Amino acid sequence: MKPFKILLTEHIDVNAMKTLEEYCTITQDVNEIDVVDGIIIRAEKVTRDMIAKAKNLKVIGKHGVGYDSIDIKAAKEYGINVVYTPQANIQSVGELIIALAMNMARNVSLSFERGKQDKNKTIAPKELTGYQLSKKTFGIVGAGKISRIAATIAKQGFNMEVLAYDPYISKEECDQLGIQKVDLDLLMTSADFVSISVPLTENTTHLINESKLQLMKPSAILINTSRGGVVDEEALYNALIHKHIYAAASDVFVKEPPTSENKLLSLENFVATPHIGANTHEAMALMGSTVVNEVLLVLRD
Ligand code: NAD
């Protein structure tokens, strides 16, 4: 008989699953919440109600970062540990930021879409004229782990200057990283690329709103891989349709996955990816092994 029972409804890395199964019985049935010792989640929510029902619960493991889907206050009140995998996917998300920046700057997806639609092969390359990344200014909103990876690629790969807005990081730390600490308005005004990597909190909800978007250059590109809700989607739609900014790409939405109801998806200067920031084989393996090890550490304590 295995010592622990875990609620896990989504898929995790095969090897991580093997380790978990050595010590735990796995259930996918949320109705068994009252008997589980641990919950491992990916995108699912853990509510106060669930925590209150889970009489044996000792640990909630988040496969990934950004534990805004967990009622942390309730977990604290009930004395439940919350563990997560802060390092495991940062490289993958950092690389996606650059992929989206390059895509939007050079109209890669748009060229492909036009090519597919253009039966007579009369694509007008002039309409697809883009921008180089070399020597441009890269603005990071939030100067944490993911932003630093994207900033390093921007600096080393494209000789970009990096501006950072992050009230919780000192000027000295920014100096050491070779990035310039600025306020948000200056970043929005000066950057050619604005990349957002902050947690979703009360302070960051609609941090990028109409007035901030209006500060951006008409040639600027916005990239959001943080959380839906940090950017005001209606304001972004207006900025894109009126060409106040050149283009935007987002991996995250208020309602995920985004459907055709989301007006942003109708725009040619917008690209959506369905929350794939951490979706690489490498990150999935590392997130799986890390969350399983962290959960087992708590349970065996
Ligand atoms: P991190 O904690 O290392 O960095 C976040 C940074 O945001 C910190 O430096 C913090 O000081 C800063 N910050 C907090 N509030 C701020 C504010 N009001 N204004 C400006 N800066 C503020 O986190 P990270 O690993 O870089 O991840 C960032 C976010 O990316 C996560 O919280 C998560 O929501 C998101 N994420 C998305 C994916 C994806 O698949 N798209 C994957 C992983 C993480």
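A brief structural summary.

What counts and what doesn't
- Residues numbered from 1 in each chain as written.
- Predicted model: local features only at pLDDT ≥ 70, side-chain atom pairs only at ≥ 80, totals over all residues.
- Heavy atoms only, no water.
- Helix = DSSP H or I, 4+ residues; strand = E, 2+ residues; numbered from the N terminus.
- Rg over C-alpha atoms; globule rule 2.2 N^0.38 Å.
- Buried < 20%, exposed > 50% of the residue type's maximum accessible area, 1.4 Å probe, protein only.
- Contact = heavy atoms within 4.5 Å.
- Areas by Shrake-Rupley, 256 points an atom, 1.4 Å probe, with all protein chains shown as cover.
- Lys, Arg positive; Asp, Glu negative; His and termini not counted.
- Charge placed at Lys NZ, Arg CZ, Asp CG, Glu CD.
- Pairing = 2+ DSSP bridges.
- Axes fitted to C-alpha atoms, helices over the stretch in contact; angles between N-to-C directions.
- Right-handed = clockwise from strand over helix to strand, strands pointing away.
- Salt bridge = Lys/Arg side-chain N within 4 Å of Asp/Glu carboxyl O.
- Polar contact = N/O pair within 3.5 Å; in protein donor to acceptor, adjacent residues only side chain to side chain.
- Near = heavy atom within 4 Å.
- Nonpolar A, V, L, I, M, F, W, Y, C, P; charged D, E, K, R; others polar.

The next point concerns the overall build of the protein chain. In terms of helices and strands, the protein chain carries 11 helices and 12 strands. At 21 Å, the protein chain has a C-alpha radius of gyration in line with the 19 Å of a compact globule built from 301 residues. Viewed in the frame of its principal axes, the protein chain has a C-alpha envelope of about 70 × 55 × 30 Å. For the protein chain, buried positions account for 48% of its 301 residues. Counted over contacts in the protein chain with a minimum sequence separation of 6, partners at least 24 positions apart contribute 61%. Roughly 15,400 Å² of accessible area belongs to the protein chain as shown, and the carbon and sulfur atoms make up 53% of that amount. The average position of the 32 basic charges and that of the 37 acidic charges among the side chains of the protein chain differ by 3 Å.

Quick look at the sheet that holds strand 3 (residues 38-41) now. Taking strand neighbours across the sheet as the criterion, the 5 strands line up as 2-1-3-4-5 in an open arrangement whose pairing is parallel. Two strands in the sheet have a free side with no partner beyond their single neighbour: strand 2 (24-27) and strand 5 (81-83). Each strand axis lies, on average, 20° off the axis of its neighbour in the sheet, ignoring direction. With 3 bridges connecting them, strand 4 (residues 59-62) and strand 5 associate as parallel partners. Bridge pairing in strand 5 links Ile60 to Val82.

A few words on the pairing of strand 2. Bridge count between strand 1 (residues 4-8) and strand 2: 4 bridges; the pairing is parallel. Considered in strand 2, the bridge of Leu7 is made with Thr27. Read as a crossover between parallel neighbours, the route from strand 1 over helix 1 (residues 14-23) to strand 2 is right-handed.

Take the pattern of salt bridges next. Scanning all chains against the criterion turns up 15 salt bridges. For Glu113, the salt bridge identified is with Lys116, shortest N-O distance 3.7 Å. With Glu113 and Lys116 both in helix 5 (residues 108-117) and 3 residues apart, the pair spans about one turn of that helix. Under the relative-accessibility criterion, Glu113 is labelled partly exposed at 35%. For Lys116, a relative accessible area of 52% translates into the label exposed. One salt-bridge network, held together by shared partners, links Arg114, Glu127 and Glu268.

Take the side chain of Ser147 next. Considering the arrangement of structural elements, one finds Ser147 in helix 6 (residues 145-158). The exposure class of Ser147 is buried, given its relative accessible area of 1%. Among the polar contacts made by the side chain of Ser147, one reaches the main-chain carbonyl oxygen of Gly142 at a distance of 2.6 Å. Excluding anything up to four places from it in sequence, Ser147 contacts Ile140, Val141, Gly142 and Ser197.

The next subject is the sheet that holds strand 7 (residues 161-165). Read across the sheet, 7 strands follow the order 8-7-6-9-10-11-12 without closing on themselves; strand pairing throughout is parallel. At either margin of the open sheet sits one strand with a lone partner, and together these are strand 8 (180-181) and strand 12 (270-272). Summarising the sheet, strand 11 (residues 247-250) and strand 12 pair through 3 bridges and their orientation is parallel. Bridged to Ala249 within strand 12 is Val271. Sheet contacts for helix 4 (residues 90-106): strand 6 (137-141), strand 9 (193-196), strand 10 (221-224), strand 11 and strand 12; angle to strand 10, the most-contacted strand, approximately 150°. Against the sheet, helix 6 makes contact with strand 6 and strand 7, and its axis sits at roughly 175° relative to strand 6, the strand it touches most.

Around the ligand, the surrounding shell holds 26 residues, and the nearest of these are Lys145, Ile146, Asp166, Thr225 and Asp251. The contact in question runs from a nitrogen atom of the ligand to an N or O atom on the backbone of Thr225, over 3.0 Å. In the model, an oxygen atom of the ligand is placed 3.4 Å from a nitrogen or oxygen of the Ser226 main chain. Protein chains bury 88% of the 860 Å² of accessible surface belonging to the ligand in isolation. When contributions to the shell around the ligand are tallied by element, the ones reaching two or more residues are helix 4 and helix 6. Residues of the shell around the ligand, tallied by class, amount to 13 nonpolar, 9 polar and 4 charged.

Functional significance is not addressed by these values, which are geometric in nature.
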